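Fold and geometry: a report
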Amino acid sequence: NKSGGVATCPWTQINGTQPNTVSFAWKENLASVTNGFPQNMRCNLELRGYVDLNGVANPTMSFWDVWDFGGTTDTSVKLQLAQYAPYNADLSGGPNWAAGTTYTLHTAGKNYAWTRNEFAIPAALLNKQVTWRFVMDSGAATSVRRWYLDDIRLAAGTTPKTFGVCTVSKYN
């Protein structure tokens, strides 16, 4: 909680008709909460572990999302990628997020169509154990803020394919 007090970060999994796939999606708040993400909050949805990219050629990360930040311009969602480091029992340590890579995904507006995002894994993280987190950050505005995330995937990149097109005009 950026204003002091207890953080309210109840990330939850939802299913039914809302996810992009038939299994489940992540939502920024409890399924029963209809007013979205609280104001003055910074919350992380973090992988507590790693994906080993040793020997993986051209790795990419992809996911689908939808969002509605109402009329606010004080809300953002970011993706952070970093080299994995384990947390200690007292929760100190962990990945050095500042040395990782941060992508700003959304800062305003709304999009109710599931949108696919894809990022190449930065060169500094190739052949390493990689972890990630999504960071949702809100300001003091009281508008409803919603964000849904689905189908997070790290995969080897594919070789681009070139297709030839042949056109024929029957009117020549």
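Residues numbered from 1 in each chain as written. Predicted model: local features only at pLDDT ≥ 70, side-chain atom pairs only at ≥ 80, totals over all residues. Heavy atoms only, no water.

1. Here we look at the overall build of the protein
The helix and strand inventory of the protein stands at zero helices and 10 strands. Written out in order from the N terminus, the α and β elements of the protein read β-β-β-β-β-β-β-β-β-β. Residue burial in the protein is summarised as follows: out of 172 residues, 37% are buried. Considering only contacts within the protein whose residues lie at least 6 apart along the sequence, 79% involve residues at least 24 apart. Roughly 10000 Å² of accessible area belongs to the protein as shown, and the carbon and sulfur atoms make up 51% of that amount. (Helix = DSSP H or I, 4+ residues; strand = E, 2+ residues; numbered from the N terminus. Buried < 20%, exposed > 50% of the residue type's maximum accessible area, 1.4 Å probe, protein only. Contact = heavy atoms within 4.5 Å. Areas by Shrake-Rupley, 256 points an atom, 1.4 Å probe, with all protein chains shown as cover.)

2. Quick look at the sheet that holds strand S8 (residues 110-120)
The strand order S1-S2-S10-S5-S8 describes an open sheet built from five strands, whose pairing is antiparallel. The sheet is open, and its two edges are formed by strand S1 (12-14) and S8, each paired on a single side. Taken pair by pair, the neighbouring strands of this sheet meet at an average axis angle of 30°, ignoring direction. In this structure, S1 lies alongside strand S2 (residues 25-27), joined through three bridges in antiparallel fashion. Across the sheet, the residue bridging to threonine 12 is lysine 27, located in S2. (Pairing = 2+ DSSP bridges. Axes fitted to C-alpha atoms, helices over the stretch in contact; angles between N-to-C directions.)

3. Notes on the pairing of strand S6 (residues 76-83)
One face of the sheet, then the other: side chains in a regular strand alternate in exactly this way. Summarising burial for S6: six of the eight residues are buried, a large majority. Pairing geometry for S6 and strand S9 (residues 129-137), over eight bridges, is antiparallel. What sits directly across from glutamine 83, in S9, is valine 130. Bridge count between S6 and strand S7 (residues 101-106): five bridges; the pairing is antiparallel. Note that in S7 the partner of leucine 81 across the bridge is threonine 101.

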